[in-house]
Each structure stands twice: as structure tokens, then as C-alpha cells.
Amino acid sequence: MGSYRIKLQRRKVGFMCMAIIAVTTSIIDVFVTLPRSQNGMIVDVSSGIIISLGILSILKLIQLRKVLKDENQIKLLYNKENDERLQSIRGKSGMPMMLIMSIIMFISGIIGSYFSDIIFYTLFAAGFVQLFVGLLVKLYYMKTM
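This next bit is on the overall build of the protein chain. When you go through the protein chain residue by residue, the secondary structure sums to 6 helices and 0 strands. Moving toward the C terminus, one meets the helices and strands of the protein chain in the order α-α-α-α-α-α. The globule rule puts the C-alpha radius of gyration for 145 residues at 15 Å, and the 18 Å found for the protein chain is more than 25% above it. With the C-alpha coordinates aligned to their principal axes, the bounding extent of the protein chain is approximately 50 × 35 × 20 Å. Sorting the 145 residues of the protein chain into buried and exposed places 26% on the buried side. For the protein chain, contacts bridging at least 24 residues in sequence account for 73% of all contacts bridging at least 6. When the accessible surface of the protein chain is summed, it comes to about 9800 Å², and 70% of that surface belongs to carbon and sulfur atoms. Across the protein chain, the 17 positively charged side chains and the 8 negatively charged ones have centroids separated by 6 Å.

Next comes the structure, spelled out in C-alpha cells:
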């Protein structure tokens with residue numbers, strides 16, 4: 001369990017970095033981007049997504065802190081993450097790679113929104129469709145396995 005505890009500590013640091021980046025980006029959006037933006041809707045959507053990512057990372061950070069205090073909670077989380085059935089379902093549905101690619105599309109859409117509205121809409125639509133298809137495939141494998 002010692003190596004898994006170190007893995008959880010690294011995750012905690014990663015979530016902390018994500019929260020700091022989200023807060024910094026939100027502050028930049030409020031003071032720099034919003035006053036100069038032509039299309040307020042795109043800036044509002046990208047700001048909302050950045051803020052929600054920051055909130056989610058803070059919630060995961062709190063959850064990890066709670067888990068790290070109790071050895072039984074660490075064992076439960078370890079067993080949940082290493083469940084062979086769930087690993088098989090995730091692998092067959094391609095979920096890790098789909099999730100990573102969708103996140104890259106969303107981040108690219110947010111960055112591209114500063115240059116063109118079409119880039120923003122296209123990447124966000126493709127990311128949502130990809131996540132939806134991944135969810136459908138995952139649900140299919142959960143019912144059949």
C-alpha cells in the first residue's frame with residue numbers, strides 16, 4: 001500500500017496544480033479577456049468550463065485528502081481501481097484514450113476560441129459527440145459483461 005499511497009500523493013499534487021491553473025486562467029479571463037471580447041458567449045462558455053474544472057479538481061483534492069487519512073479507505077479505493085471487470089470494460093470501450101482526446105479537444109477549443117468562433121464550435125461539438133459515443137459503448141459493455 002506504500003506505493004499506492006505515493007501514487008495518491010502524486011494525484012493530489014496534480015489536482016492542486018489543475019486548481020491553481022484554473023483559478024489563474026479565470027482571473028485572466030475576467031480582467032483581460034472579458035473587457036475586450038467581441039463574442040461574449042464563447043468567452044462565457046470557456047470561462048464556465050475552466051471554473052467547473054477548477055471546482056472539480058478541488059473536490060477531488062478534498063476527497064483524496066480524506067482517503068489518505070484512513071488506511072481502510074485507501075484499501076477500498078485500491079480495490080475499486082484494480083477491479084478486473086471494470087478494467088476490462090474501460091479497455092474495450094477505449095475510455096481512457098477517448099477521455100484524453102476529448103479533453104484535448106476541449107482545451108484546443110478554448111484556446112482556439114480566441115482566434116475563431118468556428119474552431120470553438122467544431123472542437124466542442126466533436127468532443128461532446130466523442131464522449132457521448134464513449135458513454136454508449138461503455139454502457140453496452142457494462143450490460144453485456
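In the contact formed by helix α5 (residues 95–112) and helix α6 (residues 117–144), the axes pass within 8 Å of each other and the chain directions differ by 165°. What the angle tells us is that α5 and α6 run roughly antiparallel. In the packing of α5 onto α6, the handedness of the crossing is left-handed. Of the residues in α6, those touching α5 at Met95, Met98, Leu99, Met101, Ser102, Met105, Phe106, Ser108, Gly109, Ile110 and Gly112 are Ile119, Phe120, Leu123, Phe124, Ala126, Gly127, Phe128, Gln130, Leu131, Gly134 and Lys138. The residue inventory of the contact of α5 with α6, partitioned by class, reads 14 nonpolar, 7 polar and 1 charged.

Our focus in this paragraph is the environment of Ser108. With respect to the secondary-structure elements, Ser108 resides in helix α5. Residues Ser108 and Leu123, 15 residues apart in the sequence, show an inter-C-alpha distance of 7.3 Å.

Let's shift gears to the confidence of the model for the protein chain. With 94% of its residues at a pLDDT of 70 or more, the protein chain has an overall mean of 85. Across the protein chain, the secondary-structure element scoring lowest on mean pLDDT is helix α4 (residues 84–93), at 82, and the one scoring highest is α6, at 90.

As a further point, take the packing of aromatic side chains. Counted according to the given criterion, the structure contains 7 aromatic pairs. When the centroid spacing of 5.0 Å and the interplanar angle of 75° are considered together, the rings of Tyr4 and Tyr78 count as edge-to-face. On the criterion of sequence distance, the pair formed by Tyr4 in helix α1 (residues 2–36) and Tyr78 in helix α3 (residues 71–81) is long-range, its members being 74 residues apart. On the basis of relative accessible area, Tyr78 is assigned to the partly exposed category, the value being 33%. On the basis of an interplanar angle of 70° and a centroid distance of 5.6 Å, the ring pair of Phe120 and Tyr121 is categorised as edge-to-face. Counting every residue linked through ring pairs, the aromatic cluster contains Phe106, Phe120, Tyr121, Phe124 and Phe128.

It is worth spelling out the nonpolar core at this point. Residues Tyr4, Leu8, Phe15, Leu61, Leu64, Val67, Leu68, Ile74 and Leu77 constitute the largest nonpolar core, which totals 9 residues. Mapped onto this core, the elements with two or more residues apiece are α1, α2 (40–69) and α3. At 4 residues, α2 tops the list of elements feeding residues into this core. Those residues in contact with Leu77, other than ones at most four positions away along the chain, are Tyr4, Leu8 and Val67. Ala22, Phe106, Ile110 and Phe124 belong to the second-largest nonpolar core, a separate cluster that totals 8 residues.

Calculation notes
- Residues numbered from 1 in each chain as written.
- Predicted model: local features only at pLDDT ≥ 70, side-chain atom pairs only at ≥ 80, totals over all residues.
- Heavy atoms only, no water.
- Helix = DSSP H or I, 4+ residues; strand = E, 2+ residues; numbered from the N terminus.
- Rg over C-alpha atoms; globule rule 2.2 N^0.38 Å.
- Buried < 20%, exposed > 50% of the residue type's maximum accessible area, 1.4 Å probe, protein only.
- Contact = heavy atoms within 4.5 Å.
- Areas by Shrake-Rupley, 256 points an atom, 1.4 Å probe, with all protein chains shown as cover.
- Lys, Arg positive; Asp, Glu negative; His and termini not counted.
- Charge placed at Lys NZ, Arg CZ, Asp CG, Glu CD.
- Axes fitted to C-alpha atoms, helices over the stretch in contact; angles between N-to-C directions.
- Parallel < 35°, antiparallel > 145°, perpendicular 65-115°, else oblique.
- Left-handed = near helix turned anticlockwise from the far one by under 90°.
- Nonpolar A, V, L, I, M, F, W, Y, C, P; charged D, E, K, R; others polar.
- pLDDT = per-residue confidence, 0-100.
- Phe/Tyr/Trp six-rings, centres within 6.5 Å; stacked < 30°, edge-to-face > 60°.
- Core = buried A, V, L, I, M, F, W, Y, C linked by side-chain atoms within 4.5 Å.

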